[in-house]
Amino acid sequence: MTDTLSSEPDADADAGEPRDEAARRLTPHASLGRAVMLVNPLSGSVGPRAEAEAEAILADYDLQTQVVVLEAGNFDQAIADAFAAAPDVIFVLAGDGTARSVAAKARPNGPMIAPLPGGTMNMLPRALYGTADWKLALRRALEEGEPQSVSGGEVSGEYFYCAAILGSPALWAPAREAMRTGKVRLAWAYARRALKRAFTGRLRFSLDGGPRRRAEALVLISPMISKAMEEPDGLEAAAMDPSDASQAFRLAANALFSDWRHDPAVSTRPAKRIDVRARSKIPAVIDGEPVLLKSEATVRFIPKAFRALAPRPPAAEDSL
């Protein structure tokens, strides 16, 4: 754990980046006096030098900062201590699950949260900052960020701010991520595994108390990253309902390569409450994190889930 106050820039920090005064000026759109940054060096795309690199970047700004390394066994206490310090903003350089946990704890009245891309899928950071480079995301938050409310959803105590996939096609999410990073063979292996598990149990769901329907899977997308929604008035609920294996294969291909909304097996509409039932536990992916839900679950739309420190409008690189 390290406390630093603003100082002269480290000559070795961020080699090649502009060093003029304008590049080091804090955003005029938010009041920033104190910040805490949580770093998990063992997370997917962070690395052992992250603590020192973060301190070097933060030292460029007129800001009182504290960098905290998350270690096995101290996650909960470190997060609690970060909130107890009453900072203006908490930066989170860790996995997707940790970022979601910190954002969920902040709620609308807590400090601003800046989830940096340190995980595997990085859905929320990419939606906010438009990059998978955590150093660039950190500077964008510091220099261009402003407080903005982020909407989301909640299911069985799990909060999500980008998307939740319920049903056996939840296994398509790893395939899409592998395809995006150019790992075609891995993407194909994930897709084949998802198809083998398809049709093992259909979902029954209702939207806002309406009639109960059936689907192979249900995708719930936050307004922040939905291509189909212009106003934050609910989650975009997309029902995927392939009738046979050939349609499932086509839908899987569309999910990997194109806008899946154009597939005839998909129907979408906004909803604020979604009730879901199945004969057995429901596989799901919540903002990139796999979870197993009970056989009955209710998803709620949360108009103001937490406040992010991010440029406006959000970059939404991962719009769905």
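This write-up is about the structure you can find in this document. Not measured: the values here are computed from a predicted model.

Definitions and cut-offs
Residues numbered from 1 in each chain as written. Predicted model: local features only at pLDDT ≥ 70, side-chain atom pairs only at ≥ 80, totals over all residues. Heavy atoms only, no water. Core = buried A, V, L, I, M, F, W, Y, C linked by side-chain atoms within 4.5 Å. Buried < 20%, exposed > 50% of the residue type's maximum accessible area, 1.4 Å probe, protein only. Contact = heavy atoms within 4.5 Å. Phe/Tyr/Trp six-rings, centres within 6.5 Å; stacked < 30°, edge-to-face > 60°. Helix = DSSP H or I, 4+ residues; strand = E, 2+ residues; numbered from the N terminus. Lys NZ or Arg CZ within 6 Å of the ring centre and 35° of its normal. 1 Å grid on protein atoms, 1.4 Å probe; cavity = no way out; pocket = protein on both sides within 12 Å on 5 of 7 lines; lining within 4 Å. Points joined across faces, edges and corners; volume = space filled by probe spheres on them. Nonpolar A, V, L, I, M, F, W, Y, C, P; charged D, E, K, R; others polar. Arc of directions from axis to C-beta. Axes fitted to C-alpha atoms, helices over the stretch in contact; angles between N-to-C directions. Parallel < 35°, antiparallel > 145°, perpendicular 65-115°, else oblique. Left-handed = near helix turned anticlockwise from the far one by under 90°.

1. Focus: the nonpolar core
Move 1: Formed by 68 residues in total, the largest nonpolar core has its most connected members in Met37 and Phe91.
Move 2: Beyond its immediate sequence surroundings of up to four residues, Met37 is in contact with Ala54, Leu58, Gln66, Val67, Val68, Phe91, Leu93, Leu116, Trp134 and Leu138.
Move 3: The next biggest cluster of nonpolar side chains, apart from the first, holds 24 residues, and it includes Val155, Ala215, Leu218 and Val276.

2. Overview of the packing of aromatic side chains
Move 1: All told, the structure shown has one aromatic pair when counted by the stated rule.
Move 2: Ring centres 4.9 Å apart and planes at 80° place the aromatic pair Tyr161 and Phe306 in the edge-to-face group. Of this pair, Tyr161 sits in the loop between strand E7 (158–160) and strand E8 (163–167) while Phe306 sits in strand E17 (residues 296–310), and the two are 145 residues apart along the sequence. One exposure class covers both Tyr161 and Phe306, and it is buried.
Move 3: One residue, Lys105, lies across the ring of Phe83, its end atom 5.4 Å from the ring centre.

3. Topic: empty space enclosed by the protein
Move 1: All chains considered together, the criterion is met by two cavities of 30 Å³ or more.
Move 2: As a volume, the second largest cavity reaches approximately 40 Å³.
Move 3: Lining the second largest cavity, in full, are Asp96, Ala99, Arg100, Met123, Leu124, Pro125 and Asp287.
Move 4: Only helix H3 (96–106) and helix H4 (123–129) provide two or more residues apiece to the lining of the second largest cavity.
Move 5: Residues belonging to the lining of the second largest cavity are distributed by class as follows: four nonpolar, no polar and three charged.

4. Thoughts on helix H2 (residues 75–84)
Move 1: If you check which residues of H2 are buried, you get Ala78, Ile79, Ala82 and Phe83. Buried positions in H2, seen along its axis, are confined to an arc of 135° and lie on one side of it. In H2, the exposed residues that point more than 90 degrees away from the buried face are Asp76 and Ala84.
Move 2: Buried residues belonging to H2 abut strand E2 (34–39), strand E3 (64–69), strand E4 (89–94), H3 and strand E5 (112–117).

5. What to know about the packing of H2 against H3
Move 1: Relative orientation of the contacting elements H2 and H3 amounts to 40°, with a least axis distance of 11 Å. By the angle between their directions, the pair H2 and H3 is classed as oblique. With respect to the hand of their crossing, H2 and H3 are arranged in right-handed fashion. Touching Phe75, Ile79, Ala80 and Phe83 of H2 are Thr98, Val102, Lys105 and Ala106, all from H3.

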